[in-house]
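Structural features, examined
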Amino acid sequence: MAIHERSLVEEDRILRKEKLVVDGIDVSGDWNLIILPRVIEDYDTSFLDEVLKEPEGKTILQCYQCSYCTASCPVHNYWDERYNPRHFIHLARLGLLDELQKRADVMWRCVSCHKCTHRCPKGVLVEEVLKAILRVMARRGLIEEYPSKKFDKFFLDTVVEYGRIEDGELLFGWLEKQGYKIVKDPILRKPIPFLGGTPKWLKDMVKKPIKSMNISFLMLNAKHMLFHPRTKNWNRFRQVLRKVIKEEAK
Amino acid sequence: MIGKRVAYYPGCSLEGASRAYDVSTRIVVKELGLELDYLEDYNCCGAMETKNVSFMGTLLLNARNMSLARQQGHKAIVAPCNGCSFSLQRAEYFLETQDGLLDKVNELLKEGGVEPLDEIPQTYHLLEWLYTEAGPEKVKERTKRPLKGLKVANYYGCLYTRPHFYSRTYSHKGGEDERARPRRRITADDDEHPFYMNALLEAAGAQSVDFEPMHTQCCGGPHSLSDEEVSERFVKMILQTAKKNGAHIIATECPLCHASLEMYRYRLILKGEKDVDVPAAYFTQLLGIAFGYSASDVKLQDNLSDPLPVLRSLGLA
Ligand code: SF4
Ligand code: SF4
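Predicted, not measured: the structure shown is a model, and the values here were computed from it.

Take the interface of chain B and chain A next. On the side of chain A, 66 residues touch chain B, which itself brings 76 residues to the contact. Summed over the shared surface of chain B and chain A, the result is seven salt bridges. In this structure, A:Arg119 engages B:Glu192 in a salt bridge whose closest nitrogen and oxygen atoms are separated by 2.8 Å. Viewed at the interface, chain A and chain B are joined by 33 residue pairs in polar contact (both at pLDDT 80 or more). Of all the secondary-structure elements, those providing two or more residues to the side of chain B that touches chain A are α2 (55-71), α3 (82-97), α4 (101-111), α7 (164-167), α9 (228-244) and α10 (255-270) of chain B. Tallying contributions element by element places α2(B) first for the side of chain B that touches chain A, with six residues. Taken together, the residues of the side of chain B that touches chain A break down into 35 nonpolar, 22 polar and 19 charged.

Pasting the structure below:
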């Protein structure tokens, strides 16, 4: 017999018997599959309270578990069934933190496509709520550093520093954080894209404008990599940003 | 309805790697008799990343840009990037629906040396603006070299139509909070079946191929660098569907989607994947070509996926 939402049930809770007799009645065949019950005695709502304190977390209370979000989600459909926004919301509301932790390896994989938020009939800001859940989990030490969190932080730091981002720096800075050996010029310490451990696809990609002699494109991007684009009137504003971000991190 | 002259928020990408989008946008806008007023000294919108770290910080980044638009006398901002328009519209939503937030933000703006907001300007995606203020007729009128024989897969990505709270593509009556209720903006595209790009390119003589549901399937977006496995799978689905449905080219309207498609196209080809070689071009580049501009005018040589050969084979470049 098929199990509905199979990804939510752990292997060791599923029992399948060749021959099964219950109260003297032989129920082998179609009824030979049992999912062992789970008993939960105490709910801890302090986790939910913390999510509710996040500015984007408030709408979590409106969820009525219809699962339209999950049905729409590309990470659920095309990557891993265990990624299940409806279920994450359910677990967060009940405060079943160990259950949430079991899914920590997929929870960060939301690509922010907002199909969930768009289609939710109850007006839950699903994507934002999930991000709030992740943030609270991180604050409580329930989830280890995950790649997208490192990237978000890296991105924010650049914005706060310069006011603008620069694609080349973002790309190579990120690769370097991933452990790729990026060769840099000795004077300005800027990456040289087609040398060293730069991945092959990227070398190929960078070679395209070189091969086609697209000089103005190369010059523009080289200029940006050497002199990071900046917002001019930024110093005072940057201080306020830093202050606000620090307060929020508390 | 939106205005012929609006504030232009190009966003960081369009000043660098995606300059082709910026250049071709300016050409198209001029040809269609509209006007963009560049937002001087703007800052990054925070994209899809900073919001995951700091709510207030992200709000402030966008409020600063809104304030610049107000200083230049605008009520409408146009952004050509899905991420930028998302960020500005998201800020709009929270500022309008949460009590006391605008006052708090204004105080912080003042503290940072930025004029506080006297009103909240509305943000539109470039596509929404072009369709509303110029529309297919105007495009047809301007077309000198129809894109005959060009089969296009129109790729809208995620945030152009989603979520309705921010992009205002949908309305419904439910919800407890009256102000936070989804309200469709009259100029907005259809939420699940967007067609503005199809309509504009068809008016320029191109033929749209069937592309649903990949037309709004995510390319990996903010995770295109941090989660390569998932992004690669998504892009593969998008490219292969385009190929299967007979597209010569994928038309894009977001620099991040565009970069993601081109980047993973390289990787997939290198891996020996089949049917992933459809190149990408910004819809404004294609419109520019139709308006009689040359391939180098719209900077087609910048596109890393190289759509030139296919356009040449159809006599369009
Ligand atoms: S679509 Fe909305 S109401 Fe339904 S399960 Fe998801 S969050 Fe809950
Ligand atoms: S935003 Fe995240 S959770 Fe929502 S549908 Fe997209 S990937 Fe799934």
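Moving on, we come to empty space enclosed by the protein. Residues and elements named next belong to chain B. This structure, assessed with the given rule, holds four cavities of 30 Å³ or more. Considered as a void within the structure, the largest cavity measures approximately 130 Å³ in volume. Lining the largest cavity are 16 residues; nearest its centre among them are Cys158, Leu159, Gly221, Leu256 and Cys257. Sorting the residues of the lining of the largest cavity by element identifies α3 and α10 as the ones contributing at least two each. Tallied by class, residues from the lining of the largest cavity come to eleven nonpolar, five polar and no charged. Summarising the domain contributions, the lining of the largest cavity has at least three residues from each of domain 1 (5-126) and domain 2 (144-156 + 194-310). Of the voids in this model, the second largest cavity is the one considered here, and its volume is about 90 Å³.

Here we take up unusual backbone geometry. Between B:Arg162 and B:Pro163 the backbone carries a cis peptide bond, its omega angle lying at -15 degrees. Take B:Pro163: it is sitting in the loop between β5 (151-154) and α7. Following B:Glu212, the chain continues to B:Pro213 via a peptide bond in cis, the omega torsion being 5 degrees. With respect to the helices and strands, B:Pro213 occurs in the loop between β6 (207-208) and α9. Positioned with a positive phi, A:His114 is a non-glycine residue whose angle comes to about 65 degrees. Mapped onto the fold, A:His114 is located in the loop between α6 (104-107) and α7 (115-119). If you check the backbone angles, B:Asp275 has positive phi at about 55 degrees while not being a glycine.

This part is about the sheet that holds strand β7 (residues 249-252) of chain B. In any sheet, the strands associate via hydrogen bonds between backbone groups, in a parallel or an antiparallel arrangement. Residue and element names in this part refer to chain B. With parallel pairing, the four strands of this open sheet are ordered in space as β6-β5-β7-β8. Whereas interior strands pair on both sides, the edge strands pair on one side only; in this sheet they are β6 and β8 (280-282). Two strands pair when backbone bridges link them, and β7 and β8 are joined in this way by three bridges, in the parallel orientation. Bridge pairing in β8 links alanine 251 to alanine 281. Against the sheet, helix α8 (residues 196-203) engages β5, β6 and β7, with an angle of about 160 degrees to β5. With respect to the sheet, α10 is in contact with β7 and β8, its orientation differing from that of β8 by roughly 165 degrees.

Now for the site of ligand 2. Residues and elements named next belong to chain A. Lining the immediate surroundings of ligand 2 are 14 residues, of which Cys73, Cys110, Cys113, His114 and Cys116 lie closest. When atom positions are compared with the pocket grids, ligand 2 is found to occupy the second largest cavity. Those elements that provide at least two residues to the shell around ligand 2 are α3 (74-78), α7 and α8 (126-139). Counted by class, the shell around ligand 2 contains ten nonpolar, two polar and two charged residues.

Not every one of the 14 residues close to ligand 1 is listed here, only the nearest: A:Cys63, A:Cys66, A:Ser67, A:Cys69 and A:Cys120. Listed by contribution, the elements that provide at least two residues to the shell around ligand 1 are α2 (68-72) and α4 (85-94) of chain A.

Turning our eyes to something else, we now look at α10(B). Helix length check: α10(B) (16 residues) gives 23 Å between terminal C-alpha atoms against 22 Å at 1.5 Å per residue, within 8%. Burial within α10(B) is extensive, with twelve of its 16 residues counted as buried. Residues of α10(B) that are buried make contact with α11 (200-211) of chain A together with α1 (19-31), α3, α9, β7 and β8 of chain B. Downstream of α10(B) by a residue or two, B:Gly272 has a phi angle that is positive, lying close to 85 degrees.

Further remarks concern the nonpolar core. Core analysis: the largest hydrophobic core is formed by 130 residues, its most contacted members being A:Phe47, A:Leu100, A:Ile133, B:Tyr9, B:Leu59, B:Leu60 and B:Ile250. Here A:Ile133 is in contact with A:Phe47, A:Val51, A:Ile60, A:Phe88, A:Ile89, A:Ala92, A:Leu100 and A:Met107, once residues within four sequence places are set aside. Listed in part, the 49 residues of the second largest apolar core include B:Leu126, B:Ala134, B:Ile249 and B:Leu300.

Attention shifts here to the packing of α2(B) against α4(B). Residue and element names in this part refer to chain B. Between α2 and α4, the shortest axis-to-axis distance is 10 Å and the interhelical angle comes to 70 degrees. Comparing their axes, α4 and α2 come out roughly perpendicular. Note on element contacts: α4 touches α2 through Leu101, Lys104, Val105, Leu108 and Leu109, opposite Phe55, Met56, Leu59, Leu60, Ala63 and Arg64. Tallied by class, the residues present in the contact of α2 with α4 amount to nine nonpolar, no polar and two charged.

Here the focus is a nonpolar patch on the surface. Together, A:Val183, A:Phe194, A:Leu195 and A:Ile210 make up an exposed nonpolar region whose accessible area comes to about 290 Å². Locating A:Val183 in the fold gives a position in the loop between α10 (167-177) and α11.

Evaluated as defined, the whole model comprises 45 salt bridges over all chains. For A:Arg82, the salt bridge identified is with A:Asp80, shortest N-O distance 3.6 Å. Here the salt bridges share partners, and the residues they tie into one network are A:Glu50, A:Glu54, A:Glu56, A:Glu128, A:Arg135, A:Arg139, A:Arg140 and B:Arg90.

In this section: the domain arrangement of chain A. Entries for chain A in the domain assignment read domain 1 (6-35), domain 2 (46-139) and domain 3 (166-229). Each of domain 1 of chain A and domain 3 of chain A has a C-alpha centre, and these two points are 59 Å apart.

Let us now look at the pairing of strand β2 (residues 35-38) of chain B. In this structure, strand β1 (residues 5-8) of chain B lies alongside β2(B), joined through four bridges in parallel fashion. Counted as the bridge partner of B:Val6 is B:Leu36 from β2(B).

This part takes up the sheet that holds strand β4 (residues 122-125) of chain B. Residues and elements named next belong to chain B. Pairing in this open sheet of four strands is parallel, and the strands run β2-β1-β3-β4 from one edge to the other. Where the open sheet ends on each side, the last strands, each with one partner, are β2 and β4. Mean inter-strand twist for the sheet, computed between neighbouring axes without regard to direction, equals 40 degrees. Running at roughly 135 degrees to β2, α1 makes contact with β1, β2 and β4 of the sheet.

Calculation rules
- Residues numbered from 1 in each chain as written.
- Chains lettered and ligands numbered in written order.
- Predicted model: local features only at pLDDT ≥ 70, side-chain atom pairs only at ≥ 80, totals over all residues.
- Heavy atoms only, no water.
- Contact = heavy atoms within 4.5 Å.
- Salt bridge = Lys/Arg side-chain N within 4 Å of Asp/Glu carboxyl O.
- Polar contact = N/O pair within 3.5 Å; in protein donor to acceptor, adjacent residues only side chain to side chain.
- Helix = DSSP H or I, 4+ residues; strand = E, 2+ residues; numbered from the N terminus.
- Nonpolar A, V, L, I, M, F, W, Y, C, P; charged D, E, K, R; others polar.
- 1 Å grid on protein atoms, 1.4 Å probe; cavity = no way out; pocket = protein on both sides within 12 Å on 5 of 7 lines; lining within 4 Å.
- Points joined across faces, edges and corners; volume = space filled by probe spheres on them.
- Domains from an automatic or database assignment.
- Pairing = 2+ DSSP bridges.
- Axes fitted to C-alpha atoms, helices over the stretch in contact; angles between N-to-C directions.
- Near = heavy atom within 4 Å.
- Sits in = over half its atoms within 2 Å of the grid points.
- Expected span 1.5 Å × (residues − 1).
- Buried < 20%, exposed > 50% of the residue type's maximum accessible area, 1.4 Å probe, protein only.
- Core = buried A, V, L, I, M, F, W, Y, C linked by side-chain atoms within 4.5 Å.
- Parallel < 35°, antiparallel > 145°, perpendicular 65-115°, else oblique.
- Patch = residues over 30% accessible without salt bridge, like charges linked within 9 Å, V, L, I, M, F, W, Y side chains within 5 Å.
- Areas by Shrake-Rupley, 256 points an atom, 1.4 Å probe, with all protein chains shown as cover.

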